Amino acid sequence: MGLKDSVDVSDAVARVGLEKLGYKQEMTRSRGLVHILFMTLAIMAVPYGLAAPIATSLIGGGPAVIIWGWILVSILTQSLALSLAEICSKYPTSAGAYYWCYRLASPRTRVLASWINGWLTVVGVWTIALSVTFGTAELVVAGAGIYLPDWVATTWQTYLIFLGVTAVACLFCLFFNRHLPALDIICACWTGLGIIVILICLSTTAAAGRRSVSFALGHFDPSHSGWTPGWSFFIGLLPAYTYSAIGMITNMAEEVHNPSEILPKAITSSIPIGTLTGVTFLLPILFTLPDIETLLKVPSGQPIGVMFTLVMGSKAGGFGLWFIIFGIGMFCAISISCAASRATWAFARDKAIPFHQTFSKISPRLGDVPVNTLLLSTVIQILLGLIYLGSTAAFNAFVGVAVMCLGASYAMPVAISLMDGRQDMHDAPFNLGRFGTAINAVAVFWIMFAMVLFSMPAVIPVTSVSMNYASVVFVGFGVISAVWYLINGRFHYTGPSIPEESTDTSGSNRSTSPLRG
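Throughout, residues of each chain are indexed from 1 in the direction in which the sequence is written. Only residues with pLDDT of at least 70 are given local features in this predicted model, and only at 80 or more are side-chain atom pairs given and counted; all residues enter the totals for whole chains, interfaces and linings. The side-chain numbers reported here are obtained from all heavy atoms of the structure, hydrogens and water having been left aside.

## Section: the side chain of Thr133
Our working rule: Secondary structure counts use DSSP, requiring at least four H or I residues in a row for a helix and at least two E residues in a row for a strand, with both numbered from the N terminus. Between buried and exposed lies partly exposed: a residue is buried under 20% and exposed over 50% of the maximum accessible area for its type, with that area taken using a 1.4 Å probe on protein chains only. We call two residues in contact whenever any of their non-hydrogen atoms come within 4.5 Å of each other.
The residue Thr133 is located in helix H7 (residues 110–147) in this model. Classification of Thr133 by relative accessible area gives buried; the value is 0%. Thr133 has contacts with Phe162, Val165, Thr166, Ala333 and Gln381, leaving out every residue within four places of it along the chain.

Right under this line is the structure:
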């Protein structure tokens, strides 16, 4: 049997499996393991995710927080990746976590659980996409600061740059959908070669001087944060943001060959690869790190451009390394916008968002793009970005909101399964076996802690500028979804549709609705 025949057979099996989950095949399956793994890595965008919040890590304690915090976060996140991979292997659908909640929860609570989870998911994917596109815009400002050190971008200027980044990401997702798998491979090559270039350039130049091993791996100064040393270390763990969207890849399930096998492999493999990538990226930076006080005084608050310039000893050298990070940011913006549109489309397909008839359509002419949900996600980002014009502190809360919403959406099905004694996971193709309970428990507690962490201000005493409004925005979105449930959801949302034959093997699910297409 040839490769094409093998793929056709696996796609036929996947189509039947999707129908058993309650959905018709509407998307074209065009992604294999390499494509989906590289898309996962593109969404994680490790060098970008570590570089963008580096100021917070320096405030939290410096080099020790940066390197050991990254390793700690990676180990804890692996438990979440394993937990999601197990559930995903049994229920590989673009509906993702809210579908899992519906299948795993009791008949009495499953509709509400899936509604809550679905809104956590869509708010999470919208705000994480916003944080990436806006973060890339701020990276542009940092790049401009290399040649214009006295220029401080106004809020309007930053917002206009953000509009440009968002437009590029949207256009790629809209008109080049068939080429996105190839783009993910290009992103992986760009990232890998870029890290090697950064490693060689920083290590051989070190114009700002070299640091000792004790400094690079052990220097810890919590004085900039005002917190106690222990909590200051955790405050510096903002690089956890890098892993916050690992579950978004499940929203691509209906475009993947043999998703029950490939998606778990991609999710679980991405963390070790990301960890190694991060360590390789961070070590040359820590061994050549310029004066921390100088970096924290950068007017834009984004010191990566200045840091590279000081280490390279020239503006051209600094700009060249900055451009590598900027490229990774753009690749990430495109991949994460694509995944966000699929998550929104899946929720609309189950009649959970306003005007779901419109937003549940896809465009075969453009390569199976859910055009309306892609545009919806983009418009929401643009509207939320306007908040930046009024209050930068309130806008910065969206990074924390994204982590909190996505983290909560991932933790819910894991926690539900855990409380049910993991009964539904015994026949999962990717099974955690006897270690499942411990792994699930670590994942849930880590998410709970991360949600608290991302609600805290980085610096005390707190001012109107340094205040972290993430918890306020998180509750605000929760109130909006609750009101919409009372107005509309409780009358029209019945949860994902599950065929009768699919529920015979699960005692907790008895829905007999027809397939949804």
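Resuming the write-up.
## Here we look at the nonpolar core
As a reminder of what qualifies: To qualify as a nonpolar core, a set must consist of buried Ala, Val, Leu, Ile, Met, Phe, Trp, Tyr and Cys residues joined through side-chain atoms within 4.5 Å.
In this structure, Ile36, Trp100 and Met248 are the most contacted members of the largest nonpolar core, which totals 156 residues. The element best represented in this core is helix H15 (residues 315–349), accounting for 20 residues. In this structure, Trp100 is in contact with Leu84, Ile87, Cys88, Tyr91, Thr250 and Pro413, ignoring residues within four places of it in sequence.

## A short note on the pattern of salt bridges
We count it as follows: We define a salt bridge as a contact between a side-chain nitrogen of Lys or Arg and a carboxyl oxygen of Asp or Glu at a distance within 4 Å.
Evaluation of the coordinates by the stated rule reveals six salt bridges. In this structure, Asp184 engages Arg31 in a salt bridge whose closest nitrogen and oxygen atoms are separated by 3.0 Å. Placement of Asp184 in helix H9 (residues 180–205) and of Arg31 in the loop between helix H1 (3–21) and helix H2 (33–44) is noted, with a sequence separation of 153 residues between them. When sorted by exposure, Asp184 lands in the same class as Arg31, which is buried.

## Here's the deal with the layout of surface pockets
Here is the rule: Grid spacing is 1 Å over the protein atoms alone, the probe is 1.4 Å, and a cavity is where that probe fits but cannot get out, while a pocket is an open set with protein on both sides within 12 Å along at least five of seven lines and lining residues have an atom within 4 Å of a point. Grid points are joined across faces, edges and corners, and a volume is the space filled by probe spheres set on the points. Following the grouping adopted for this structure description, the nonpolar residues are Ala, Val, Leu, Ile, Met, Phe, Trp, Tyr, Cys and Pro, the charged ones are Asp, Glu, Lys and Arg, and the polar ones are all others, Gly among them.
Counted as a void, the largest pocket has a volume near 1500 Å³. If you trace the largest pocket, you find 49 residues lining it, with Thr56, Glu138, Leu238, Gly301 and Asn396 closest to the centre. Among the secondary structure elements, those contributing two or more residues to the lining of the largest pocket are helix H4 (54–60), H7, helix H8 (155–175), helix H13 (292–296) and helix H19 (392–419). For the lining of the largest pocket, the residue count by class is 34 nonpolar, 14 polar and one charged.

## Some remarks on the packing of helix H5 (residues 63–90) against helix H12 (residues 259–287)
Quick reminder of the rule: The axes used here are C-alpha line fits, helices contributing only the stretch in contact, and every angle between their N-to-C directions lies in the interval 0 to 180 degrees. Put simply, angles under 35 degrees are roughly parallel, angles over 145 are roughly antiparallel, angles from 65 to 115 are roughly perpendicular, and the rest are oblique.
In contact at an axis separation of 8 Å, H5 and H12 are set at 175 degrees when each is read in the N-to-C sense. Between H5 and H12, the interaxial angle falls into the category roughly antiparallel. In terms of residue class, the contact of H5 with H12 is built from 18 nonpolar, nine polar and no charged.

## Description of a nonpolar patch on the surface
As a reminder of what qualifies: Surface patches are defined over residues having more than 30% relative accessible area and no salt bridge, joining like charges when they lie within 9 Å and nonpolar side chains (Val, Leu, Ile, Met, Phe, Trp, Tyr) when within 5 Å. Note on areas: Shrake-Rupley, 1.4 Å probe, and residue coverage restricted to the protein chains presented here.
Together, Val168, Leu171, Phe172, Phe175 and Phe176 make up an exposed nonpolar region whose accessible area comes to about 430 Å². Looking at the element boundaries, Phe176 is found in the loop between H8 and H9.

## Considerations on unusual backbone geometry
Following Ile460, the chain continues into Pro461 via a peptide bond in cis, with omega recorded as 0 degrees. Of note in this structure, Asn258 is not a glycine but carries a positive phi near 45 degrees. Judged by its relative accessible area of 28%, Asn258 falls in the partly exposed class. Positive phi outside glycine occurs at Arg422, with the angle close to 55 degrees. As for its placement among the helices and strands, Arg422 is situated in the loop between H19 and helix H20 (436–453).

Shape is all these values report; function is a separate question.
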